[in-house]
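# Working through the structure, step by step
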Amino acid sequence: MARAPLSSAEMSAALIDGRAIAAEITGKIAVETRRLKAEAGIVPGLAVVLVGSDPASEVYVSAKGRKAEELGFKSVQHTLAADTAEGALLALVQSLNRDPLIHGILVQFPLPAHLDKARVVEAILPEKDVDGLHPINVGRLASGIAGAHVPCTPAGCLILIRRAVRGELSGRNAVVVGRSNLVGKPMAQLLLNENCTVTIAHSRTKDLAGTVRAAEIVVAAVGRAEMIRGDWIRPGAVVIDVGTSRIPAPEKGPGKTRLVGDVAFAEAAAVAGAITPVPGGVGPMTIAMLMANTLAAACRSAGRPVPSFA
Ligand code: NAP
């Protein structure tokens, strides 16, 4: 259902401007990249591997490549046919593992059904796994061991949460809706590492609305358009909307669509303390954190300290 934009009187929540925060962080990454090149002669190198021609994946991959070039990285893209054999994909990953000019490797998901995602992830050297999905990085994050690559979307969400929460994060009640390896689980782990009391909700959760209502911090990573309603939100809560879904937008013309999140924005913004928009919230942070992870990998390869953008 289309809703009129909120007037400032109707919207009590502060808008968390992911675009502006991501621009601030990528500006700092560009500065650190120039410093790394000047002082150590190293240019961060990011390789993105796309298998097949999924239109959404093509858009994501080209956005990542453009941003990497804009920041002064070496950026390479390998596009393989949809029917590429797993052995050929693994051989490409191995050659990127050996390439000293490549510090970060990202294989864009989803992969065609005949390819085993877990085998591909495990083939990437953990230090080049800038998506943070390799079991070594997952284990380091869970154990609080330094040097893990943290998955980009939850790493970006944590920065947005830190900026939006007034005062300490420690001791806050946080609810993460969604338990994927890419978003929900690492998000919960990051919040736990910040000493939040974390609940992970999912499709089998009983009384999802009541669970969300208890949260001072809500992270929604479901992929169901506007599922989380305004009356689920505790007044003053910080709401981070990871979800992206396209819904019909007849007001824009026949056959047109618009992007929405998992949260019914207009309703939630009238109750929350701070909220991310979709688009312009989490999405730009995901790309910024991919660049931060690649820069971190390049710094570690040279035995240099890793800049923090927290
Ligand atoms: P996913 O792997 O499909 O996981 C979705 C999660 O939502 C699952 O854990 C699922 O529970 C849970 N879920 C599904 N229906 C539910 C319901 N009715 N009630 C409660 N939980 C429910 O998705 P993902 O990769 O985490 O991505 C989530 C969303 O974020 C998608 O819209 C995706 O496009 C978006 N995303 C955006 C960015 C960005 O940069 N903006 C990055 C990554 C993802 P079960 O485990 O029980 O099935």
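To be clear, the structure that these remarks concern was listed above.
These remarks concern the structure in this document.

Parameters at a glance
- Residues numbered from 1 in each chain as written.
- Predicted model: local features only at pLDDT ≥ 70, side-chain atom pairs only at ≥ 80, totals over all residues.
- Heavy atoms only, no water.
- Pairing = 2+ DSSP bridges.
- Helix = DSSP H or I, 4+ residues; strand = E, 2+ residues; numbered from the N terminus.
- Expected span 1.5 Å × (residues − 1).
- Buried < 20%, exposed > 50% of the residue type's maximum accessible area, 1.4 Å probe, protein only.
- Contact = heavy atoms within 4.5 Å.
- Axes fitted to C-alpha atoms, helices over the stretch in contact; angles between N-to-C directions.
- 1 Å grid on protein atoms, 1.4 Å probe; cavity = no way out; pocket = protein on both sides within 12 Å on 5 of 7 lines; lining within 4 Å.
- Points joined across faces, edges and corners; volume = space filled by probe spheres on them.
- Parallel < 35°, antiparallel > 145°, perpendicular 65-115°, else oblique.
- Left-handed = near helix turned anticlockwise from the far one by under 90°.
- Nonpolar A, V, L, I, M, F, W, Y, C, P; charged D, E, K, R; others polar.
- Near = heavy atom within 4 Å.
- Polar contact = N/O pair within 3.5 Å; in protein donor to acceptor, adjacent residues only side chain to side chain.
- Areas by Shrake-Rupley, 256 points an atom, 1.4 Å probe, with all protein chains shown as cover.

### As for the sheet that holds strand 6 (residues 197-201)
The 6 strands lie next to each other as 1-11-8-7-5-6, forming an open sheet whose pairing is parallel. Every interior strand has two partners, whereas the edge strands, strand 1 (14-15) and strand 6, have only one. As judged from the 2 bridges shared by strand 8 (residues 238-241) and strand 11 (residues 274-275), these two strands associate in the parallel manner. Within strand 11, the residue paired with Val238 across the bridge is Ala274.

### With respect to helix 2 (residues 55-70)
Along its 16 residues, helix 2 runs 23 Å from first to last C-alpha, staying within 8% of the 22 Å computed at 1.5 Å per residue. Among the residues making up helix 2, those that are buried are Ser57, Val61, Ala63, Lys64, Gly65 and Ala68. Those residues of helix 2 that are buried are in contact with strand 2 (45-51), strand 3 (74-80), strand 4 (104-107) and helix 10 (282-301).

### Re the sheet that holds strand 2
Read across the sheet, 3 strands follow the order 3-2-4 without closing on themselves; strand pairing throughout is parallel. Strands with a single pairing partner mark the edges of an open sheet, and in this sheet they are strand 3 and strand 4. When the angles between neighbouring strand axes are averaged without regard to direction, this sheet yields 15°. Direction of pairing for strand 2 relative to strand 4: parallel, over a ladder of 4 bridges. Paired with Ala47 across the bridge in strand 4 is Ile105. Against the sheet, helix 2 engages strand 2, strand 3 and strand 4, with an angle of about 170° to strand 2.

### Considering the layout of surface pockets
Estimated volume of the largest pocket: approximately 1,400 Å³. The wall of the largest pocket is formed by 49 residues, among which Tyr60, Thr153, Thr244, Gly283 and Thr286 lie closest to the centre. Those elements giving two or more residues to the lining of the largest pocket turn out to be helix 1 (18-40), helix 2, strand 4, helix 6 (152-164) and helix 10. Of the residues forming the lining of the largest pocket, the biggest block, 9 residues, is contributed by helix 2.

### Considerations on the packing of helix 1 against helix 10
One can describe the packing of helix 1 onto helix 10 by two numbers: an axis separation of 9 Å at closest approach and a directional angle of 20°. In terms of axis orientation, helix 1 runs roughly parallel to helix 10. Where helix 1 crosses over helix 10, the handedness of that crossing is left-handed. Of the residues in helix 10, those touching helix 1 at Gly18, Arg19, Ile21, Ala22, Ile25, Thr26, Ile29, Glu32, Thr33 and Leu36 are Pro284, Met285, Ala288, Met291, Ala292, Leu295, Ala298 and Cys299. Of the residues that constitute the contact of helix 1 with helix 10, the class distribution is 13 nonpolar, 3 polar and 2 charged.

### A few points about the site of the ligand
The local shell around the ligand holds 18 residues, among which Arg179, Ser180, Ser203, Arg224 and Thr286 are the closest. A distance of 2.9 Å separates a nitrogen atom of the ligand from a polar side-chain atom of Arg224. The separation between an oxygen atom of the ligand and a polar side-chain atom of Thr244 is 2.9 Å. For the ligand, whose accessible area on its own is 930 Å², the fraction buried by protein is 69%. Split by residue class, the shell around the ligand holds 6 nonpolar, 10 polar and 2 charged.

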